[in-house]
Amino acid sequence: MLSTFWSAWVIILTVIFLVIMGYVIWHYWHKNHEADADKALHVYDGIAENDAKLPMVLLYSYLIAFIASAIFFVLYPGMGNWQGLMNWHSTDELQQYDTKIIDKKLAALQSDSKTLTQLSQNEDIVGYGEKLFNNHCEACHGKNGQGQLHFPNLVDNEWIYDSSDAGIISSITHGRHGVMVGWKDVLTEQQIEDVSTYVASLQTNRAVPAAKVQREQGQQLFEYNCAACHGDAGTGNTQIGAYNLTDDTWVHGGNIAQIQTTVREGLDSVMPAFDKQLSKAQITALGAYLTHQRLKGQKQVTALDADMVKRGEYLAYAGDCVACHTAENGELFGGGLAFPTPFGALYSTNISTHVERGIGSYTYQEFHDAVRLGVAKHGNLYPAMPYTSYQYITEEDTQALWAYMQSLTPVSSPNIPNGMIFPTNIRLGMWAWNLVFFDEDKLTYPPEASDAWKRGKYLTMGLGHCAECHTPRNVAQALEEDNPFQGNIIDHWNAPDITANELHQHGWEVKDISDFLKTGHSSKGTAFAGMADVVKNSTRYMTRDDLDAIAEYLLTGDEGNRLDPATKPLQPSGFSVADKQTKEYQIFAETCGACHGPDGKGRKDIAPALLGNGIIAHSEPYNTVAVVLRGLSPDYLEPNRDYMPMSSFNDIAGDAEMARMISFIRDKLGARSEPVTKEMVKEIRISLEKGGVTGGVHETGK
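Rules used throughout
- Residues numbered from 1 in each chain as written.
- Predicted model: local features only at pLDDT ≥ 70, side-chain atom pairs only at ≥ 80, totals over all residues.
- Heavy atoms only, no water.
- Helix = DSSP H or I, 4+ residues; strand = E, 2+ residues; numbered from the N terminus.
- Buried < 20%, exposed > 50% of the residue type's maximum accessible area, 1.4 Å probe, protein only.
- Phe/Tyr/Trp six-rings, centres within 6.5 Å; stacked < 30°, edge-to-face > 60°.
- Pairing = 2+ DSSP bridges.
- Salt bridge = Lys/Arg side-chain N within 4 Å of Asp/Glu carboxyl O.
- Disulfide = S-S within 2.5 Å.
- Contact = heavy atoms within 4.5 Å.
- Axes fitted to C-alpha atoms, helices over the stretch in contact; angles between N-to-C directions.
- Parallel < 35°, antiparallel > 145°, perpendicular 65-115°, else oblique.
- UniProt positions renumbered as here; feature names shortened; annotations may be inferred.
- Core = buried A, V, L, I, M, F, W, Y, C linked by side-chain atoms within 4.5 Å.
- Domains from an automatic or database assignment.

### Considering unusual backbone geometry
Following Phe-422, the chain continues into Pro-423 via a peptide bond in cis, with omega recorded as 0°. With respect to the secondary-structure elements, Pro-423 resides in the loop between β9 (419-420) and α18 (429-437). With phi around 65°, Phe-333 is a residue other than glycine that occupies positive phi space. For Phe-333, the location among the structural elements is in the loop between α14 (321-324) and β5 (338-341). Residue Phe-333 is classed as buried on the basis of its relative accessible area of 4%. You will see that His-492, though not glycine, has its phi angle at about 65°, which is positive.

Following this line, the structure appears as structure tokens:
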């Protein structure tokens, strides 16, 4: 509502404008009668501009517009505080009218003596509160109040400030102003990285790639600089709006890069006060709506069977859902991990309970179809989602998975659009792909097989989807079913051949495989690259019985992967006295031996053994060459068993020299006498250089 002065001033300006426009129309209308089309007014470069009449349609258009404007100003608001003969009101004014009704209803309910929980049971009050939310809150906090980056979720139980009725009303009425100082002028970049890494590691079950010493340094920095506000344990302080850093709720972004930005630059978060825009009744109705939404969500979660949720959590980790649906150093289940394919880049999706960005709006059937049939709400999925393996998950386990997924915290990370090239970007084409390559035959179990073997097959072929990485793919990116577990190149590493024959040749036993999957370490080698991620995010959470079952299945073999009874374990000789006199050994001792020991048996906390190592002894030398060319970072699977980084030797040795050295190591420490040729090394080197992954220390496990 304008003041009398400004209202009069607006009316005067409007009338003056209308008078001027009326004069303009009259002037040109009158001038048209004096126009002479044969009279030249100006001549430019031989082109004459004559005094022709204006088109009458133009004058009539102006006249109609002028009359319509005048009528509008008479009928509707537009001239100061004049409401018009139609007495039209804006949406805000209608809300003021509605709030009078709510005022009466709240008064009748004696709302001052009722809690927001009690008021949230009244449909009229909640409905009115929803309208207010849509008009005033949705732009920042999302359509259903689940929040987005920098704007908190208002319908969960994790409140930054006081979550009591008085606290909620106070937040809406007076607003909030949260400030965190930036530390870029106090801490070095390395210290910011250390403390951010430590903060990320406070979240349960989050695999943070960091050495023990970095976490310890980050903890010291946190206790000295951050604990005053966030508490020694990082659980926060609602009195001053200091966040709880130990849960999985991240308002300002939970990936490590975003945490570093927050620490470096600080925050200045402002929630505006609504006491000048909304009445007490409106604020109460808004609080009742938020309470209604929170209680509804809480009811849905508490209605879930606790045992089924716990079982679903186990199955989700066994299925490695976290690794694929979490970006590098990102928030759990927030999506965003890139999958390079020959046809473009795919990005995993947000599968949290966020309604707008996750799968919070899914029904069980829609979840089932996406997981087991590869059909999501938005269309067919690409086979990067391993539904060709997940089809084997039982109905009971699928329901348990669904129960767990419904219990997740909503993550507001937006989904990243895929970058697939035409025509593979047309999802309808996946219908034809499924028709040709999606074999929906069920798993079969020989009657003589043990229960452990059957369990191992179910986990390996279904939830574990081991074949998806360890089986070659054809040109259409479908698994070559005739070559199960025979290895495949992924991200410039070889997901190695893990057929029964290959494993027996390396001397793997049930305990070795079980140890490897549980800890990432075994007598036959250490997990690295993508397999380190699998252990870190999946298999380490599985029971020993299940891991032993997987090991039994892999070592026993199956259809298309039968164990040849004649297969004998390789027996590497190690370095003989004569070997140690050779040039090859001298190079080994000066380079590899410094970390892996002069006999190749490894050094505790420095580097793993190469003698009998499964990668060294593998029939395919690709990974041995790739490790030498790429280098490796520690896997960070067990803080007390981190190995030292391995630098790249890409710029140190030529193809021929590297081929001789690797052949020598594979022969003596892996019992593989087949030579690695110069051409093989060159081909792998070119491939890695094109992928941009040679030189320095390649960061794995992130």
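Text resumes after the structure shown.
### A word on the packing of aromatic side chains
Taken as a whole and judged by the stated rule, the model has 15 aromatic pairs. Considering the side-chain rings of Tyr-317 and Tyr-541, the 4.5 Å spacing of their centres and the 50° angle between planes classify their relative orientation as tilted. Of the two residues, Tyr-317 sits in helix α13 (residues 306-318) while Tyr-541 sits in the loop between α23 (529-537) and α24 (544-556), which places them 224 residues apart along the sequence. For Tyr-317, a relative accessible area of 5% corresponds to the buried category. For Tyr-541, a relative accessible area of 24% puts it in the partly exposed group.

### Structural notes on the sheet that holds β9
The sheet built from three strands is open, its strands ordered β5-β6-β9 with antiparallel pairing. Of all strands in the sheet, those with a lone pairing partner are β5 and β9, marking the two edges. Across four bridges, the pairing between β5 and strand β6 (residues 344-347) is antiparallel. Along β6, the bridge assignment pairs Phe-339 with Leu-346.

### With respect to the pattern of salt bridges
Tallied over the full model, the rule gives 14 salt bridges. The closest approach of N and O atoms between Glu-395 and Arg-372, which form a salt bridge, is 3.1 Å. With Glu-395 in helix α17 (residues 395-406) and Arg-372 in helix α15 (residues 364-373), this pair connects stretches of sequence that are 23 residues apart. Judged by its relative accessible area of 35%, Glu-395 falls in the partly exposed class. In this structure, the salt-bridge partner of Lys-511 is Asp-515, at a minimum N-O distance of 2.6 Å. Of this pair, Lys-511 and Asp-515 both sit in helix α22 (residues 510-519), four residues apart, which is roughly one turn of the helix. The exposure class of Asp-515 is buried, given its relative accessible area of 15%.

### Overview of the state of the cysteines
In a disulfide, the sulfur atoms of two cysteines are covalently bonded to one another. As enumerated under the stated definition, the model contains zero disulfides in all. No disulfide involves Cys-140; its sulfur sits 8.5 Å from the nearest other cysteine sulfur, which is in Cys-137. Classification of Cys-140 by relative accessible area gives partly exposed; the value is 32%. Of all cysteine sulfurs in the structure, the one in Cys-229 sits closest to Cys-226, which takes part in no disulfide; the separation is 8.6 Å.

### Here's the deal with the side chain of Lys-457
Its location among the elements puts Lys-457 in helix α19 (residues 451-463). Aside from chain neighbours lying at most four places away, what touches Lys-457 is Leu-443, Thr-444, Tyr-445, Gly-462, Tyr-553 and Asp-558.

### Notes on the packing of helix α25 (residues 583-590) against helix α28 (residues 655-670)
Closest axis-to-axis distance for the α25/α28 pair is 10 Å, and the angle between their directions is 90°. What the angle tells us is that α25 and α28 run roughly perpendicular. When α25 is examined against α28, the residues Glu-584, Tyr-585, Ile-587 and Phe-588 are found in contact with a partner set consisting of Glu-657, Arg-660, Met-661, Phe-664, Ile-665 and Leu-669.

### Thoughts on the UniProt feature "domain: Cytochrome c" (unreviewed entry) in the protein chain
With numbering aligned to this structure, UniProt lists the feature "domain: Cytochrome c" (unreviewed entry) at residues 124-203, 213-294, 307-409, 451-558 and 579-669. Taken end to end, residues 124-203 is 50% helix and 6% strand, and its first and last C-alpha atoms sit 40 Å apart. Taken as a whole, residues 451-558 contains 52% helix and 11% strand, while its terminal C-alpha atoms sit 14 Å from one another.

### Quick word on the nonpolar core
Ranked by size, the top nonpolar core spans 65 residues in total, and within it Phe-333, Phe-367 and Tyr-404 carry the most contacts. Both of domain 3 (306-440) and domain 4 (443-569) provide at least three residues apiece to this core. In this structure Phe-367 touches Ile-359, Tyr-362, Thr-398, Leu-401, Trp-402 and Met-405, once residues within four positions along its chain are discounted. Formed by 23 residues, the second largest nonpolar core is a distinct cluster that contains Leu-106, Ile-168, Ala-285 and Leu-290.

### So, the side chain of Asn-153
Among the secondary structure elements, Asn-153 is positioned in the loop between α6 (138-141) and α7 (165-174). Using a relative accessible area of 11% as the deciding quantity, one classes Asn-153 as buried. Ignoring any residue separated from it by four or fewer positions in sequence, one finds Asn-153 in contact with Gly-145, Gln-146, Gly-147, Glu-158 and Pro-410.

### What to know about the UniProt feature "transmembrane region" (unreviewed entry) in the protein chain
According to UniProt, the feature "transmembrane region" (unreviewed entry) maps to residues 6-29 and 57-76 in the numbering used here. Between the end C-alpha atoms of residues 57-76 there is a gap of 28 Å, over a span that is 95% helix and 0% strand.

### What to know about the environment of Tyr-404
Relative to the helices and strands, Tyr-404 resides in helix α17. Of the residues examined, Tyr-404 reaches a relative accessible area of 7% and is grouped as buried. For the pair Tyr-404 and Leu-304, spaced 100 residues apart in the sequence, the C-alpha separation amounts to 8.6 Å.

### Focus on helix α27 (residues 622-630)
Taken across its nine residues, α27 has nine buried, putting it largely inside the fold. When we look at burial in α27, the residues that qualify are Tyr-622, Asn-623, Thr-624, Val-625, Ala-626, Val-627, Val-628, Leu-629 and Arg-630. Close packing links the buried residues of α27 with β10 (488-490), β11 (493-495), α28 and α29 (678-690). Within two residues after α27, Gly-631 carries a phi angle of roughly 80°, on the positive side.

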